[in-house]
Amino acid sequence: MKHAGTLVLLLALFVLPLAVLLLQAGAPGWRYPDVVPPELSWDGLVRTLQHPGPMLAALGSSVTYALATVALTVVMTLTPGRFLAHAAFPGKHLLEGLLLTPALVPAMTYSMGLHHAFIRIGLADTAPGVVLVLAIAAYPYMLRALTTAFAHLGPDYRTCARNLGASSWRTFCEVELPLLLPALAAGGSVVFLVAFSEYFLVFLIGGGTVPSFTGYLFPVITSSNRGLGAVVTLIFLLVPIGLFVVLEAALGRFHARRRMK
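How each quantity is defined
- Residues numbered from 1 in each chain as written.
- Predicted model: local features only at pLDDT ≥ 70, side-chain atom pairs only at ≥ 80, totals over all residues.
- Heavy atoms only, no water.
- Core = buried A, V, L, I, M, F, W, Y, C linked by side-chain atoms within 4.5 Å.
- Buried < 20%, exposed > 50% of the residue type's maximum accessible area, 1.4 Å probe, protein only.
- Helix = DSSP H or I, 4+ residues; strand = E, 2+ residues; numbered from the N terminus.
- Contact = heavy atoms within 4.5 Å.
- Phe/Tyr/Trp six-rings, centres within 6.5 Å; stacked < 30°, edge-to-face > 60°.

Among the nonpolar cores identified, the biggest contains 47 residues, and L134, L180, F196 and F213 are the most heavily contacted of them. Elements with a contribution of two residues or more to this core: α3 (53–86), α6 (108–121), α7 (127–153), α9 (168–197), α10 (200–206), α11 (213–221) and α12 (226–260). If you tally residues by element for this core, the top one is α7, at 11 residues. Setting aside residues up to four positions removed in sequence, F196 forms contacts with L59, S62, V63, A66, F213, T214, F236, V239 and P240.

With that settled, the discussion passes to the packing of aromatic side chains. Within this structure, the stated rule accounts for 9 aromatic pairs. Consider the rings of F196 and F213, whose centres lie 6.3 Å apart with planes at 15°: the pair is stacked. One end of the pair, F196, is in helix α9; the other, F213, is in helix α11, and 17 residues separate them in sequence. The class of F196 is buried, set by a relative accessible area of 1%. Overall, F213 belongs to the buried group, its relative accessible area being 0%. Each ring, one from Y199 and one from F203, has its centre 6.0 Å from the other, and the planes form 10°; the classification is stacked. Taken together, the ring pairs connect F192, F196, F213, Y216 and F236 into an aromatic cluster.

Remember that the coordinates give geometry; whether it matters functionally is a separate question.
Following this line, the structure appears as structure tokens:
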């Protein structure tokens, strides 16, 4: 009963704002103190469908650099995650804390220095620069997920595979990677959300030349057209939800095939 109440509360906290957005999208003139929208109008949706080009360009750019950020964070954290999970040495917890610093301090505290460095090396105002700065900001989430996964996995699987003659690459691909997929999915989801929803870092490092959906969204939601703002916000919400659905289906099919072998 206790868990059911918690689930109902969580659903209410998610559904109520979504319901307000849906009503706002269909009734841009709905304002206090009206309890029921006085009239319905799909002007926001119509305007979105009439001129979808800029929004789709910003959406495609954001999804692309968010996925690239996920891939880069995986590359950055696989080896450190294994090392931190299995090694024991003085100062290990201090090192872990230092590596998690980008997730604990405001991005503005280090992004200005990174921007100056990126200007000097030619990464400012470029998509690779945006991906790199987002990876620096978001890699602690992937590192923590992989460190925990490697700790639960233990070194025995890798040792057995190597003793049976498997190469390091084959051991990783056929033994460790399938067992790490839940952690990769969890960490990758958080990294994607951080990268996809980031505004300041993309605007600072991208210099306005790298389109972002948040850069398209903010002027819209601050405009007088509340219906259009609600429609674009709903699209912003649907992207991560669609990602989670696809990810869950892909993982389910992958594990189902492995059980059939």
